[in-house]
Amino acid sequence: MHYCRSAVVGLQYIFLVHNAMASSSWWGWWTYEGISGPDYWGLAYREWYICSKGKHQSPINIEPKTLLFDPNLKHIHIDKHRVHGYLTNTGHDVTFYVDQSSSPKIINITGGPFSYTYRVTEIHLHFGSIDNWGSEHSVDGYKYPAEIQILGYNSDLYSNMSEAETSPAGLAIVSLLAKVDRTGNKEFEKLLKDIRGITYKGDKVKVSHLSIHELLPPTQSFMTYDGSLTWPGCYETVTWVIMNKPMYMTRDQISSLRDVKSNLKEKAKVPMVDNVRPTVSQNHRVVRTNINFAQPGKGCNMERNLKFKANIVDNKP
Ligand SMILES: *[C@@H]1O[C@H](CO)[C@@H](O)[C@H](O)[C@H]1NC(C)=O
Ligand SMILES: *[C@@H]1O[C@H](CO)[C@@H](O)[C@H](O)[C@H]1NC(C)=O
């Protein structure tokens, strides 16, 4: 009898450990190319099925012609307070994690399309090996050298990121498409200051007094749509906001990102660049914008005067 009970307890224990190991080894498995790449995320691991089957996935190509002006969209607000945290090489991307315990204030995203308050927990960087590849979203077919994604979770409804990412209205991601220029964004310089310290997977460096707000380009124009995480498990819980002006980074900054590797120091050096999920179909979703295409004084001229298109030439403030 005694023996029997402990055998059962033992079995449950093994089952739990096995489960935990399975999900963490899947987390180590996925990549951005080949047989562990985006085409296979949803096929290889049952819990990520929505990566293959989902119809509200991200990223997408923003088509200027199909944008819908929505006068109800408010100004987007990200708190100006500074935070401390860690810039980390996750093996998949470069992520800045806010250290909530040492930061003086919680940074919230509010306004824009959001009815809830979203607490900023991390910033993800995606980047390419060449200047016309690297952003996940594209505008009118045009890709940018990098995309900076500021993630917040719905703190009105949920207690943390992992609960929110699988729940309705769980996440907000404010996305900045980056361009290379002689003078880069000052806060971005602060973020990447010790990037040489995170060349390999698992490396992290401390970043102090970062203003996430000052990464934002000087515009209140944005596009917004409902989509998903752009990495496994691709949960369709994300409201995306894509700012309608680029964030500028210097040639040195993009080069330093291109030097980051995606694996451990003792392994072969595989560059992290091109950590980009390909765009997927919009599938009848509406992309709304607060850019009013009607020109005042010109009657009903609905010409689509999209700033981002102008930015391709150059529209630096
Ligand atoms: C962000 O919202 C939380 C409540 O969710 C609040 O405690 C905090 O003070 C807000 N942060 C700022 C900078 O106002
Ligand atoms: C997140 O919150 C849920 C629900 O409160 C809790 O069960 C879970 O342990 C939390 N996860 C982390 C990583 O803190």
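Whatever comes next refers back to the structure up there.
A brief structural summary. Here the residue numbers are simple positions, counted from 1 along each chain's written sequence. Labels are handed out in written order, letters beginning with A for the chains and numbers beginning with 1 for the ligands. Owing to the predicted nature of the model, reporting of local features is limited to residues with pLDDT of at least 70; listing and counting of side-chain atom pairs is limited to 80 or more, with chain, interface and lining totals taken over all residues. For the side-chain quantities, the full set of heavy atoms in the structure was used; hydrogens and water were omitted.

**Observations concerning the site of ligand 1**
Stated formally: The rule for a residue being near a molecule or strand is that one of its heavy atoms must lie within 4 Å of it. Side-chain atoms alone can form a polar contact between residues adjacent in sequence; in general such a contact is a pair of N or O atoms within 3.5 Å, and within protein one must be able to donate a hydrogen while the other accepts it. Where accessible areas are quoted, they stem from the Shrake-Rupley method and a 1.4 Å probe; at the residue level, only the protein chains shown are allowed to cover.
Inspection of the region around ligand 1 gives Asp-79, His-81, Lys-105, Ile-106, Asn-108, Arg-119 and Ser-155 as its neighbouring residues. One of the backbone N or O atoms of Ile-106 is found 2.9 Å from a nitrogen atom in ligand 1. Within the side chain of Asn-108, one N or O atom sits 2.4 Å away from an oxygen atom of ligand 1. With the chains in place, 59% of the 360 Å² that ligand 1 exposes on its own is no longer accessible.

**Section: the site of ligand 2**
Around ligand 2 lies a shell formed by Ser-159, Asn-160, Ser-162 and Glu-163. A distance of 2.9 Å separates an oxygen atom of ligand 2 from a polar atom in the side chain of Ser-159. One nitrogen or oxygen atom from the side chain of Asn-160 is found 2.4 Å from an oxygen atom belonging to ligand 2. The fraction of the free accessible surface of ligand 2 (360 Å²) that becomes covered by protein chains is 30%.

**Considerations on the pattern of salt bridges**
The criterion, for reference: Every case where a carboxyl oxygen of Asp or Glu lies within 4 Å of a side-chain nitrogen of Lys or Arg is listed as a salt bridge. Where helices and strands are cited, they refer to DSSP runs of H or I of at least four residues and of E of at least two residues respectively, numbered from the N terminus. Partly exposed residues are those whose accessible area sits between 20% and 50% of the maximum for their type, while under 20% is buried and over 50% is exposed, using a 1.4 Å probe and protein chains only.
Applying the stated criterion to the full structure yields 8 salt bridges. Between Arg-82 and Glu-214 there is a salt bridge, and its shortest N-O distance comes to 3.9 Å. With a gap of 132 residues between them, Arg-82 in strand β4 (residues 82–89) and Glu-214 in the loop between β11 (204–211) and β12 (222–227) connect regions that are remote in the sequence. Exposure remark for Arg-82: the relative accessible area of 32% places this residue in the partly exposed category. One continuous salt-bridge network, built from bridges that share partners, spans Arg-82, Glu-187, Lys-190 and Glu-214.

**Digging into the environment of Pro-246**
Mapped onto the elements of the fold, Pro-246 is located in the loop between β13 (238–243) and β14 (247–249). Overall, the relative accessible area of 4% leaves Pro-246 in the buried class. Along the backbone, Pro-246 and Val-180 are 66 residues apart, and their C-alpha atoms lie at a distance of 9.4 Å.

**Focus on the nonpolar core**
The condition that has to hold: Nonpolar cores are built from buried Ala, Val, Leu, Ile, Met, Phe, Trp, Tyr and Cys residues. Side-chain atoms within 4.5 Å join them into one set. Any two residues having at least one pair of non-hydrogen atoms within 4.5 Å are treated as being in contact.
Membership of the largest hydrophobic core comes to 44 residues, with the highest contact counts inside it found for Leu-87, Ile-109, Ile-150, Val-174 and Phe-188. When residues of this core are assigned to their parent elements, the largest contribution, 5 residues, is made by strand β7 (residues 118–127). If sequence neighbours within four positions are ignored, Ile-150 has contacts with Ile-78, Ile-109, Val-120, Glu-122, Ile-123, Ala-172, Ile-173, Val-174, Leu-176, Ile-212 and Leu-216. Grouped together as the second largest cluster of nonpolar side chains are 31 residues, Trp-48, Leu-177, Leu-229 and Ile-242 included.

**So, the state of the cysteines**
What counts, and what does not: Defined by distance alone, a disulfide is two cysteine sulfur atoms within 2.5 Å.
Overall, the coordinates contain 1 disulfide when judged by the stated rule. Here Cys-51 is linked by a disulfide to Cys-234, with a sulfur-sulfur distance of 2.1 Å. Looking along the S-S bond of the Cys-51-Cys-234 disulfide, the torsion reads about 95°, which is the right-handed sense. On the criterion of sequence distance, the pair formed by Cys-51 in helix α3 (residues 50–53) and Cys-234 in the loop between β12 and β13 is long-range, its members being 183 residues apart. The residues Cys-51 and Cys-234 share a single accessibility class, namely buried.

**Some words on the side chain of Ser-167**
The residue Ser-167 is located in the loop between α4 (161–164) and β10 (171–180) in this model. Take Ser-167: its relative accessible area is 12%, and that puts it in the buried class. Setting aside anything within four residues of it in sequence, one finds Ser-167 in contact with Tyr-158 and Thr-237.

Any functional reading would require information that these geometric values do not contain.
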